[in-house]
Amino acid sequence: MPEVRLVGENVEPGVFKTADALRLADQLELDLVEISPNAEPPVCKIMDYKKFLYEQKRREKELKAKSTQITIKEIRFGPQTDEHDYEFKKKNAEKFLKEGSKLKAFVFFKGRSIIYKEQGQILLLRLAQDLEDYGKVEAMPVLEGKRMIMFIAPKKKK
């Protein structure tokens, strides 16, 4: 490429011969970096490339630190779960939602217990109703094979 369009700090923008652009970058002790190779003529910028890479990595690291990791906690019921077990598991579910974890509640049907599908659905809907202060239902109970699954997401804190 015989000519390049030059941009950057401490440089007056314009079209220069490639050799002149390289010489100018050398004088400023910076790098000549091609930004837009498809433009006519190609666009280059005079900058400190190592510093640019360092700042880019630092920005990505900050963004990664700000992002939250969502954990999914599971609670398993049987279709014939009695009152005490239900209350115990509900208390755990409440704790998980307060911590900010998603909750995957499911009823597992063993053998012929699949005939109690309605009981499983009633159990999950009751759990959703009991936990509505702490989370909202993301997915209603759905039967997948021998499991009836429901997801509850924590409510946003104000």
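Keep in mind it's a predicted model, so treat the numbers as computed, not measured.

## A few points about the packing of aromatic side chains
Aromatic rings in a pair are described by how distant their centres are and how their planes are angled relative to each other.
Link 1 in the chain: Counted under the stated rule, the structure contains 2 aromatic pairs.
Link 2 in the chain: Taking the centre distance of 6.1 Å and the plane angle of 35 degrees together, the rings of Phe77 and Tyr86 count as tilted.
Link 3 in the chain: By relative accessible area, Phe77 is classed as buried at 2%.
Link 4 in the chain: Note that Arg126 overlies the ring of Tyr86, its terminal NZ or CZ placed 3.9 Å from the centroid.

## Some points on the nonpolar core
Link 1 in the chain: One finds Phe77, Leu103, Val107, Leu124, Leu127 and Leu131 to be the most contacted residues of the largest nonpolar core, which totals 18 residues.
Link 2 in the chain: Of all the elements in the fold, those that place two or more residues in this core are β5 (72-77), α3 (83-99), β6 (102-108), α4 (117-130) and β8 (147-154).
Link 3 in the chain: Counting residues in each nonpolar core, the second largest holds 7 residues, with Leu6, Val11, Ala21 and Cys44 among its members.

## Regarding the domain arrangement of the chain
Link 1 in the chain: Per the domain assignment, the segments making up the chain are domain 1 (3-64) and domain 2 (72-154).
Link 2 in the chain: Of note, the centres of domain 1 and domain 2, computed from C-alpha atoms alone, are 57 Å apart.

## Some points on the sheet that holds β5
Link 1 in the chain: Here we have 4 strands laid out as an open sheet, ordered β5-β6-β8-β7, and mixed in their pairing. The sheet is open, and its two borders are formed by β5 and β7 (135-144), each paired with just one other strand. On average, each strand axis in the sheet is tilted by 20 degrees relative to the strand beside it, whichever way the strands run.
Link 2 in the chain: Helix-sheet contacts for α3 involve β5, β6, β7 and β8, and the interaxial angle to β5 is about 170 degrees.

What counts and what doesn't
- Residues numbered from 1 in each chain as written.
- Predicted model: local features only at pLDDT ≥ 70, side-chain atom pairs only at ≥ 80, totals over all residues.
- Heavy atoms only, no water.
- Phe/Tyr/Trp six-rings, centres within 6.5 Å; stacked < 30°, edge-to-face > 60°.
- Buried < 20%, exposed > 50% of the residue type's maximum accessible area, 1.4 Å probe, protein only.
- Lys NZ or Arg CZ within 6 Å of the ring centre and 35° of its normal.
- Core = buried A, V, L, I, M, F, W, Y, C linked by side-chain atoms within 4.5 Å.
- Helix = DSSP H or I, 4+ residues; strand = E, 2+ residues; numbered from the N terminus.
- Domains from an automatic or database assignment.
- Pairing = 2+ DSSP bridges.
- Axes fitted to C-alpha atoms, helices over the stretch in contact; angles between N-to-C directions.
- Contact = heavy atoms within 4.5 Å.

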